[in-house]
Each structure stands twice: as structure tokens, then as C-alpha cells.
Amino acid sequence: ATVKKEQYVGSWNAQREDSKFNMQLNDNDEFFWNYSDGKTPQAVRGVGGVDEDGVLALEMNDSGVMLAQTILDGSTMNFYMLGDDQGTPPLKFTKK
């Protein structure tokens, strides 16, 4: 199924063990990514986009691009990092 950018716009939260993730995707292609492992929070921002197959590309402040295959189901998103050959389960984001 073809996805639309509008389906991604909003604030998304995920948690894995002690790590918390927040991803804010804006309709002007700006994004904010916040990560905390309970010790040192990290925040990046940049521009991003999604293609019709659900591949999300987040270009982070000149520090590279994070690519993920995403699968949307209503207000949930499974977020698989591209290039991960470790079989890591997806981050399971929920839209606020």
C-alpha cells in the first residue's frame, strides 16, 4: 500500500528497555529526534522525507542520514533501521 507523508506528520514515541525515543515529523519536512537511555539525553534535528514504500530518510545536521523501513498501522509505526543485519526487532512507535 502506498503511504502518504501526511500519515507521518506528528509526534511519535517508542520505548525499548530503558531507552525512550521521541520523533517529531513536521509537514515542512523538518524533524526532531530525541533519545534518552536514562542517563544522557541526545537530540538531533534536520530534514526528512518518506517515499511511497514507507522508507523514511532523516538527514541529521550534517552528521549523516538515518534510513528506516517503516510499516504504519493506524497510529502505530514499526521502525526497522536499514542496514541492521543483527535482526534487531523494530522500534514500535505510537503516535501521540
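As a reminder, the structure under discussion sits directly above these lines.
As the structure is a prediction and not an experimental result, all values here were calculated from the model. (Residues numbered from 1 in each chain as written. Predicted model: local features only at pLDDT ≥ 70, side-chain atom pairs only at ≥ 80, totals over all residues. Heavy atoms only, no water.)

Peer 1: Pulling in residues and values, what's your account of a nonpolar patch on the surface?
Peer 2: On the surface, Val65, Leu67 and Leu82 cluster together to form a nonpolar patch covering roughly 240 Å² of accessible area. Note on placement: valine 65 falls in strand S6 (residues 65–73). (Patch = residues over 30% accessible without salt bridge, like charges linked within 9 Å, V, L, I, M, F, W, Y side chains within 5 Å. Areas by Shrake-Rupley, 256 points an atom, 1.4 Å probe, with all protein chains shown as cover. Salt bridge = Lys/Arg side-chain N within 4 Å of Asp/Glu carboxyl O. Helix = DSSP H or I, 4+ residues; strand = E, 2+ residues; numbered from the N terminus.)

Peer 1: Report on the pairing of strand S7 (residues 76–81), specifying residues and quantitative values.
Peer 2: Relative to S7, S6 is paired through six bridges, and the arrangement is antiparallel. Looking at S7, one finds that threonine 70 is bridged to phenylalanine 79. Bridging between S7 and strand S8 (residues 91–95) involves four bridges; their strand directions are antiparallel. Residue pairing for S8: phenylalanine 79 is matched across the bridge by leucine 91. (Pairing = 2+ DSSP bridges.)

Peer 1: Which residues make up the pattern of salt bridges, and what values do they have?
Peer 2: Within the structure shown, the criterion is met by two salt bridges. Aspartate 29 is the partner of lysine 5 in a salt bridge, and the nearest nitrogen-oxygen pair spans 3.2 Å. In this pair, lysine 5 is assigned in the segment before strand S1 (10–16) and aspartate 29 in the loop between strand S2 (19–25) and strand S3 (30–36), connecting sequence segments 24 residues apart. Across the pair arginine 45 and glutamate 30 runs a salt bridge whose closest N-O atoms are separated by 2.7 Å. Taken together, the positions of arginine 45 in strand S4 (residues 42–50) and glutamate 30 in strand S3 put the pair 15 residues apart, joining distant regions of the chain.

Peer 1: Outline the environment of glutamate 30, supporting the account with residue identities and numerical values.
Peer 2: Residue glutamate 30 is classed as partly exposed on the basis of its relative accessible area of 22%. For the pair glutamate 30 and leucine 91, spaced 61 residues apart in sequence, the C-alpha to C-alpha distance is 21 Å. Leave out the neighbours within four places in its chain, and glutamate 30 touches Gln24, Leu25, Arg45, Gly46 and Val47. Only 2.7 Å separates the side chain of glutamate 30 from the side chain of arginine 45, close enough to count as a polar contact. (Buried < 20%, exposed > 50% of the residue type's maximum accessible area, 1.4 Å probe, protein only. Contact = heavy atoms within 4.5 Å. Polar contact = N/O pair within 3.5 Å; in protein donor to acceptor, adjacent residues only side chain to side chain.)

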